[in-house]
Amino acid sequence: MGVPIVQAPVRDVTEKEIAHYREHGWALLPGLVDPGFVAGLRDRALERLAARREAFRNSFVDQAFGQDRDIAEHDEAFRALALSPGLGRNATRLLLGVQNVRLQVTNLLIKEPEDGNGHGATVFHQDFPWMPMDRSAMLTIWLALDDVSADMGSLRFYDRSHLYGPLGRSFVREGDDALSQHPWLKDLEVSPPIDMAPGDATVHSALVIHGAPANRRDRPRLSFTVTYFDAASLYTGAPYGQTDDLGLKVNEPFDHPLFPVVPTS
């Protein structure tokens, strides 16, 4: 399909980008992945998502975007990127005091245009409150697979909101977005609208409040996300669909094939 299954071409994050991420809870990473490699990923994404566009939207998440979870389990090119030493090295450098990371989940995302039967806005939320890990050293890299202008729904972040710890779950019921639960968040600055080219990425902490507006263009927004967490994290036993039936032991590491330690060299 046009993507050579070789070590994915990923650049190293800079010290300035690391500093911005740690201070603000997010960072823009322009040109993180080679655009030629990303073009092949885009072709694969369109093939996989074509059959999913007519799926029923039976949850609040489905109303915000379509997804193909664990795409790296099914597609070797996405797996090559998710397990690339470049991304593994970047994740460990971004997360303070972390020696190695495990892969938590990969996701192929599509946000259809708002007009017609498209997706709406992604409400502002945190990722970590759902997780069964005993520490919040976790981040998500959000990679543009095509040109993604701000009015197509690129992510927005409440600046430094990661400093306030876990603030509760969203996507559970109507009106449970982070801003409704915590109106004081509106006193924080919001990141500027971001236009992204293929291969550009953002990275955000699992504690930062983030969301996205609806897609107001006439074509779908395509992106790939990969989440990493501290390999030293212990399993808490908290109910979570991804881990409930894996036989993980409480207070022990996530030693399971679904959560491989990502190489860094």
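Residues numbered from 1 in each chain as written. Predicted model: local features only at pLDDT ≥ 70, side-chain atom pairs only at ≥ 80, totals over all residues. Heavy atoms only, no water.

A. How the structure looks around the overall build of the protein chain. Within the protein chain one finds 6 helices and 9 strands. In summary, the protein chain has a C-alpha radius of gyration of 17 Å against a globular reference of 18 Å for 265 residues, a match within 12%. Its C-alpha atoms give the protein chain principal-axis dimensions of about 50 × 45 × 40 Å. Burial statistics for the protein chain: of 265 residues in total, 55% are counted as buried. Of the contacts made within the protein chain by residues no fewer than 6 positions apart, 83% connect residues no fewer than 24 positions apart. By element, 51% of the accessible surface of the protein chain is carried by carbon and sulfur atoms, the whole surface being about 11,600 Å². Positive and negative charge centroids in the protein chain, built from 26 and 36 side chains respectively, lie 2 Å apart. (Helix = DSSP H or I, 4+ residues; strand = E, 2+ residues; numbered from the N terminus. Rg over C-alpha atoms; globule rule 2.2 N^0.38 Å. Buried < 20%, exposed > 50% of the residue type's maximum accessible area, 1.4 Å probe, protein only. Contact = heavy atoms within 4.5 Å. Areas by Shrake-Rupley, 256 points an atom, 1.4 Å probe, with all protein chains shown as cover. Lys, Arg positive; Asp, Glu negative; His and termini not counted. Charge placed at Lys NZ, Arg CZ, Asp CG, Glu CD.)

B. Spatial organisation of the nonpolar core. Counting residues in each nonpolar core, the largest one holds 41 residues, and the members touching the most others are Leu-32, Leu-81, Leu-139, Ile-141, Leu-145, Phe-224 and Tyr-228. Broken down by element, the residue count for this core peaks at 5 residues, all from helix H2 (residues 35–50). Not counting chain neighbours up to four residues away, the residues in contact with Leu-139 comprise Tyr-21, Ala-91, Leu-94, Leu-95, Val-203, His-204, Ser-205, Ala-206, Val-226, Thr-227 and Tyr-228. (Core = buried A, V, L, I, M, F, W, Y, C linked by side-chain atoms within 4.5 Å.)

C. Here's a closer look at the sheet that holds strand S8 (residues 210–212). Across the sheet, which stays open at both edges, the 3 strands sit in the order S4-S8-S6 with antiparallel pairing between neighbours. Of all the strands in the sheet, just strand S4 (122–125) and strand S6 (156–157) have a single pairing partner and so form its edges. Bridging between S6 and S8 involves 2 bridges; their strand directions are antiparallel. For Arg-156, the partnering residue across the bridge sits in S8 and is Gly-211. (Pairing = 2+ DSSP bridges.)

D. Quick peek at the confidence of the model for the protein chain. Looking at the protein chain as a whole, the pLDDT averages 90, with 91% of positions reaching at least 70. Across residues 1–5 the pLDDT falls below 50, and counting only partners more than four positions away or on other chains, this stretch makes 14 contacts in the model. Between residues 54–65, whose pLDDT stays under 50, and residues either more than four places distant or in other chains, the model counts 27 contacts. (pLDDT = per-residue confidence, 0-100.)

E. The arrangement of helix H1 (residues 15–24) in detail. Listing the buried residues of H1 in full gives Glu-17, Ile-18, Tyr-21 and His-24. Along H1, the residues classed as buried sweep out an arc of 160 degrees about the axis, all on the same side. In H1, the exposed positions that point more than 90 degrees away from the buried face belong to Glu-15 and Lys-16. Looking at the buried side of H1, the elements it contacts are strand S1 (26–29), helix H5 (85–94), strand S5 (138–144) and strand S7 (201–205). One or two residues past the end of H1 sits Gly-25, with phi positive at roughly 90 degrees. (Arc of directions from axis to C-beta.)

F. Representation of the side chain of Asp-146 in the model. Relative to the elements of secondary structure, Asp-146 occurs in the loop between S5 and S6. Its relative accessible area of 15% is what places Asp-146 among the buried residues. Within the structure, the side chain of Asp-146 is placed 2.9 Å from the side chain of Arg-42, a separation counted as a polar contact. Not counting chain neighbours up to four residues away, the residues in contact with Asp-146 comprise Arg-42, Met-196, Ala-197, Pro-198, Arg-219 and Leu-222. (Polar contact = N/O pair within 3.5 Å; in protein donor to acceptor, adjacent residues only side chain to side chain.)

G. Molecular detail of the pattern of salt bridges. Tallied over the entire structure, the rule returns 15 salt bridges. Here Arg-102 makes a salt bridge to Asp-255, at a shortest N to O gap of 2.5 Å. Taken together, the residues Arg-102 in strand S3 (residues 101–111) and Asp-255 in the segment after strand S9 (221–230) connect sequence positions 153 residues apart. Taking the relative accessible area as the measure of exposure, Asp-255 reaches 57% and is therefore exposed. Arg-219 serves as the salt-bridge partner of Asp-146, at 3.7 Å between the closest nitrogen and oxygen. Taken together, the residues Asp-146 in the loop between S5 and S6 and Arg-219 in the loop between S8 and S9 connect sequence positions 73 residues apart. Under the relative-accessibility criterion, Arg-219 is labelled partly exposed at 29%. Because the salt bridges share partners, they merge into one network encompassing Arg-42, Asp-43, Asp-146 and Arg-219. (Salt bridge = Lys/Arg side-chain N within 4 Å of Asp/Glu carboxyl O.)

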